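Listed here are the chains, written in short residue letters.
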Amino acid sequence: MVAGMTGFLVRRLVQSLVMLVLLSFVIFWLMALMPGDPIDLLMATNPDVTSADAARLKALAGLDRPIWERYLDWAGAALSGNFGYSRLYSIPVLDVILPRLGATLILLGISTALALAIAIPVGVMAARRPHGLFDYVVNLGCFAGISVPPFWLGILLILLFAVTLGWLPAGGMGRPDMPLGQRAVYLILPILTLTLLSVGGFTRFLRAAMLEALRQDHIRTARAKGLSEARIAWDHALRNALLPLITVLGLSFGGLFSGALITETVFAFPGMGKLIYDAILASDYNLAMLSLMLATLVTLAGNFLADLAYVAIDPRVSYSDGADA
Amino acid sequence: MRLGVFGSWAAVLALGTCLSLPASLSQAQAQAQAQAKRLVIGVSQYPTNFHPLFDAHVTRSYINGMTRRPLTTYNADWKLICMLCVELPDLGKGTAEDVITPSGKEGRALTYRIDPQARWGDGVPITSKDVLFTWEIGRRNETGVTNFELFRRIEDVRIVDDKTFTLVVDERTCEYQGMNDLEILPAHIEAEAASDPANYRNRSLYERDTTNKGLWAGPYLVKSTQPGASVLLERNPQWWGRSPEFDEIEIRAVENTAALMANLLSGDIDMIAGEVGLTLDQALSFEERAKDRFTFVYTPGLIYEHIDLNLDNPVLQDVRVRRALLHAIDREALSQRLFAGRQPPAHGNVNPQDEVFFQDVPRYAYDPERAKALLGEAGFRPGPGGVRQNGDGEPLRLEFLTTAGNKTRELVQQVLQSMWSQVGIQVQLRAEPPRVFFGETLNKRSFQAMAMFAWISSPRNIPWTTLHSSMIPSEANGWGGQNYPGYASAEMDEILDRLKFECEPARNQALWNRLQTLYAQDLPALPLYFRSNADILPPWLKGLRPTGHMEPSTLWVEEWSRQDG
């Protein structure tokens, strides 16, 4: 068992490393292939910037060198822990990313936790009484949450809570000199938006998994033994229903680090989503590469943790004899 | 029990909401008091960097208008004035004289005297040594300043005394007095970072220690920054000019314009900057809803929206076709219907507010019959489906390209397409992302017929790079230049070459008149309009005067005041 698990860990580590290297090259190459450059944009709209200026600026940024040469330079430096400076912000890349990462983790971490906290009990209750009134209401709410565009929902909440009611700020992060409690108020609307957008999907997923789990033979046995419906649902069925949800969570783990571009833009809450978007548009290779590599790494780690969670939750799952989940 | 668990979750959420409300309400009360001394300005972009010599960013320029002073600038009346200097150098007063430069060129020595009271935010006086330092760092190729051409033109800087210096420039041009882009840096703060020119940009304290008082020399200092979100300015105790009204000014970036408007309606921001805020159509739409609450100020500016015509296209090589294209579009109606008359038609590439504007420039009124006649003369007769065709039966079909994602431009495209169809020109619309449009298509002149975009310029800006025949991008010249139509006129070349150096006012104006006349006659581009900026202000804010050109209104922030009632 231990040998099987060790083999599994080693295999997954090697796979992850290979995936990281491959993706790093693909991302770099795709960015390098993008037509135009902010320098071209500058020259094209401002006649005072000459073509000699543009050529000089490109040479200084190393953009006149072959892609593979630039990639190897970046990779070599990154492996030694030097992630370079941001072309856009002119400060070390880590100094740009860390504050944004913190903001993103707060936003997405809290909203994901809230969404799960709502989705799990609601999904279980809806599955316990399928096609009932509660189930219909829940399904309606879920479809609304899945269908509504993030920018529309965000603006709507701003109009309601900030403009009409005046209860909450319309956006931003609050001033640095504000007490923490006052700054926390700025989190309410973006977190509410993200929660409403994701709770529908989680709820539908869990409801479907619960319905499947409640049809299993062991559940019939549990009923025959006289266990209450509540206990059957929470202690027996839910555990089986969690497995697919864990898969989804593992895949969306990377999202915790890559941010929510539209919500961040609507609420002027700068996080990783906006950062990655701006970095790519500005051809800021150092910033874009580290941000995307971080998101990739976390996605791989999330999948890995999901695989480990399977073993913890379902004793039937085993990684011995070269088996992978 | 599970319901109890669920119920307790609901209670936690409700409790959290209730607890937050008093916090937000008391916050609003505290803010109401503080707002009397603070102004919050909404902008649609956050500046990516703060150094005045690297890159060009409108928001940074807007903020720098409050935290720095340029040597010279154009004011709201489009006159060149001194800001940091005492008097503009003048050939008649001996503060400018013709010299031979160190490289042997016929140049000019310009002597400026810095305001005796001018000092950096840490109290250190601004001196000639700062000018010398700036020039030395800017002229190094490896430093990578954006406007290297400016530093290349200055061949020498001579210190006369602490406050007086002389710049030796390599040309004897008419517009010799202005040094608007020479942003002086504090030598005592930046010298250490500048000791490594290749890495200066990354080591500069403008990025690493933005709140350092010694970096700034305007009515305000940078108090704090929240990257991506906001910049907070505070009153500069070392400011030597008129004391500004507000103790603090916060510039808050909200990139989503709908959210920006909502922030204004909710009172989270006080105003939206015209230089970097809403587009005109957004402002017009917003005005319909909020005109009772805010003051809307529209200022036509120097952003020249036009359609470049690719003169390699055989159809467009005939000037009659180009004139027909302009006669066929009702630009006045376009201005009225799409822009409520706030963006009047342009008749050339020179703004009517510019003092070199030629009043009698040939104008093309909306005249579809004239357009049809011109097309007929050019050999395009009415054909099947209302589309004109030439003698070989080829339809008159042109592609019209612009930047994707710009709603205003896409709307204008559709309107113009409809107008051209009335005279028998079939126009196919296309849009490309800006990176492709500017980086590949325009640059390599690979647009089939028409490309709509805007030029940014400055008062009395000689359109050398956009109209001189040597500035046509080609493979031979490494795709340099911005003469995207491929316009080549010996007379225009001569005018452009002479304009820089023909300084006698009457002869200079005659050249400008001829340039504008030739442009209107030859039509390498179709003039559309000069874009307007929309400042959306609270009724109590007085004294803000938009300039209409690229210098920001914030350069006169000390004239802004709060007048309630």
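In this text the structure is predicted, and so the values were computed from the model without any measurement.

Novice: Sorry, what's going on with the overall build of chain B here?
Specialist: Counting its regular elements, chain B contains 17 helices and 18 strands. With respect to the three principal axes, the spread of C-alpha positions in chain B is 85 × 75 × 45 Å. Burial status across chain B gives 47% buried among its 565 residues.

Novice: I would appreciate a short explanation of the sheet that holds strand 5 (residues 106-113) of chain B in the present structure.
Specialist: Whenever strands of a sheet pair, they do so through backbone hydrogen bonds, lying parallel or antiparallel. All names here are of chain B. The sheet built from 4 strands is open, its strands ordered 4-5-7-6 with antiparallel pairing. This sheet does not close on itself; its edge strands, each paired only once, are strand 4 (96-100) and strand 6 (154-161). Across the sheet, the axes of successive neighbouring strands diverge by a mean angle of 25 degrees, strand direction being ignored. As paired elements, strand 6 and strand 7 (residues 164-169) share 6 bridges and run antiparallel to each other. Bridge assignment links Asp156 to a residue of strand 7, and that residue is Val168.

Novice: What exactly am I supposed to notice about the interface of chain A and chain B here?
Specialist: By a widespread convention, an interface's size corresponds to the accessible area lost as its parts come together. Contacts between the two partners involve 53 residues from chain A, matched on the other side by 62 residues from chain B. Across the side of chain A that touches chain B, the residue classes break down as 35 nonpolar, 12 polar and 6 charged.

Novice: Is there a simple way to think about the environment of Pro300 of chain B in this case?
Specialist: All names here are of chain B. Mapping Pro300 onto the fold places it in strand 12 (residues 295-309). Overall, the presence of 20 C-beta atoms within 10 Å leaves Pro300 in the buried class. Each C-alpha atom of the pair Pro300 and Arg531 lies 5.8 Å from the other, and the pair is 231 residues apart in sequence. For Pro300, the residues in contact, after removing those within four places along its chain, are Gln343, Pro344, Phe530, Ser532 and Gly548.

Novice: Help me out: how do you make sense of helix 17 (residues 505-522) of chain B in this one?
Specialist: It helps to recall that an α-helix has 3.6 residues per turn; residues three or four apart then point in one direction. All names here are of chain B. In this model helix 17 runs 25 Å from its N-terminal to its C-terminal C-alpha over 18 residues, within 8% of the 26 Å that 1.5 Å per residue would give. Within the sequence span of helix 17, burial applies to Trp512, Leu515, Gln516 and Tyr519. Angular distribution of buried residues about the axis of helix 17 spans 90 degrees; they occupy a single face of the element. Exposed residues on helix 17 whose side chains face more than 90 degrees from its buried face are Ala506 and Arg507. If you follow the buried residues of helix 17, they end up packed against helix 16 (490-499). Positive backbone phi, at 50 degrees, marks Leu523, one or two positions downstream of helix 17.

Novice: I would appreciate a short explanation of the confidence of the model for chain A in the present structure.
Specialist: It should be kept in mind that the predicted coordinates are not to be read in detail where pLDDT is low. Within chain A, residue pLDDT values average 85, and 94% of them lie at 70 or more. When pLDDT is averaged over each element of chain A, helix 7 (residues 150-164) of chain A comes out on top at 93 and helix 2 (residues 38-45) of chain A at the bottom at 70.

Novice: Even after reading the chapter, I still don't get helix 13 (residues 272-281) of chain A, so can you show me in this structure?
Specialist: Residues and elements named next belong to chain A. The buried fraction of helix 13 is high, at 7 of 10 residues. Along helix 13, the residues classified as buried are Met272, Gly273, Lys274, Leu275, Ile276, Asp278 and Ala279. Looking at the buried residues of helix 13, the elements they touch are helix 5 (93-128), helix 11 (255-258), helix 12 (261-266) and helix 14 (285-313). Phi turns positive one or two residues past the end of helix 13, at Ser283, with a value near 50 degrees.

Novice: How should I be thinking about the nonpolar core in this particular structure?
Specialist: The nonpolar side chains of a soluble globular protein tend to be buried with one another. In terms of nonpolar packing, the biggest core is built from 157 residues, with Met210 and Ala241 of chain A together with Ile41 and Ala259 of chain B touching the most fellow members. At 15 residues, the largest contribution of residues to this core is made by helix 5 of chain A. With residues near it in sequence (within four places) discarded, Met210 of chain A still touches Gly123, Val124, Ala127, Ala237, Leu238 and Ala241 of chain A.

Novice: When you look at the packing of helix 5 of chain A against helix 14 of chain A in this model, what are you seeing that I'm missing?
Specialist: Axes are the key here: two packed helices are described by the angle between their axes and the distance separating the axes. Residue and element names in this part refer to chain A. At a closest axis distance of 10 Å, the pairing of helix 5 and helix 14 adopts a crossing angle of 45 degrees. Relative to helix 14, helix 5 is oriented oblique. Note on packing geometry: the crossing formed by helix 5 with helix 14 is right-handed. The residues of helix 14 that touch helix 5, namely those facing Val93, Val96 and Ile97, are Asn286, Leu287, Leu290 and Ser291. Classifying every residue of the contact of helix 5 with helix 14 gives 5 nonpolar, 2 polar and no charged.

Novice: What is the right way to read unusual backbone geometry from this model?
Specialist: Peptide bonds are mostly trans, and most non-glycine residues show a negative phi. The backbone phi angle of Ser90 of chain A is positive, close to 60 degrees, even though this residue is not glycine. Among the structural elements, Ser90 of chain A can be located in the loop between helix 4 (67-79) and helix 5. Assessed through the 22 C-beta atoms surrounding it within 10 Å, Ser90 of chain A is described here as buried. Of note, Arg460 of chain B is a non-glycine position whose phi angle comes to about 60 degrees, a positive value. Note that Arg460 of chain B resides in the loop between strand 15 (450-455) and helix 15 (464-467). Taking the number of C-beta atoms within 10 Å as the measure of exposure, Arg460 of chain B has 18 and is therefore partly exposed.

Novice: How should I be thinking about the confidence of the model for chain B in this particular structure?
Specialist: On average, residues of chain B carry a pLDDT of 91, and 93% of them reach 70 or more. Scored as a whole, the predicted complex attains pTM 0.88, and scored at its interfaces, ipTM 0.84.

Novice: Even after reading the chapter, I still don't get the pairing of strand 16 (residues 525-537) of chain B, so can you show me in this structure?
Specialist: Here is the key point about a regular strand: its side chains alternate between the two faces of the sheet. All names here are of chain B. Across the 13 residues that make up strand 16, a large majority, 12, are buried. One ladder, built from 12 bridges, connects strand 12 with strand 16; its direction is antiparallel. Its bridge partner lying in strand 16, Asp308 is registered against Ala525.

Novice: In this structure, what is going on with the packing of helix 8 (residues 180-214) of chain A against helix 10 (residues 229-252) of chain A? I would like to understand it.
Specialist: Residues and elements named next belong to chain A. Where helix 8 contacts helix 10, the two axes come as close as 8 Å, and the packing angle between them is 140 degrees. Compared by their axis directions, helix 8 and helix 10 come out oblique. Viewed along their axes, helix 8 and helix 10 form a crossing whose handedness is right-handed. Contacts between helix 8 and helix 10 involve Phe205, Leu206, Ala209, Met210, Ala213 and Leu214 on the former and, on the latter, Ala237, Leu238, Asn240, Ala241, Pro244, Leu245 and Val248. Broken down by class, the residue content of the contact of helix 8 with helix 10 amounts to 12 nonpolar, 1 polar and no charged.

Calculation criteria
- Residues numbered from 1 in each chain as written.
- Chains lettered and ligands numbered in written order.
- Predicted model: local features only at pLDDT ≥ 70, side-chain atom pairs only at ≥ 80, totals over all residues.
- Helix = DSSP H or I, 4+ residues; strand = E, 2+ residues; numbered from the N terminus.
- Buried ≥ 20, exposed ≤ 12 C-beta atoms within 10 Å, placed from the backbone.
- Pairing = 2+ DSSP bridges.
- Axes fitted to C-alpha atoms, helices over the stretch in contact; angles between N-to-C directions.
- Contact = placed C-beta atoms within 7 Å.
- Nonpolar A, V, L, I, M, F, W, Y, C, P; charged D, E, K, R; others polar.
- Expected span 1.5 Å × (residues − 1).
- Arc of directions from axis to C-beta.
- pLDDT = per-residue confidence, 0-100.
- Core = buried A, V, L, I, M, F, W, Y, C linked by C-beta atoms within 7 Å.
- Parallel < 35°, antiparallel > 145°, perpendicular 65-115°, else oblique.
- Left-handed = near helix turned anticlockwise from the far one by under 90°.

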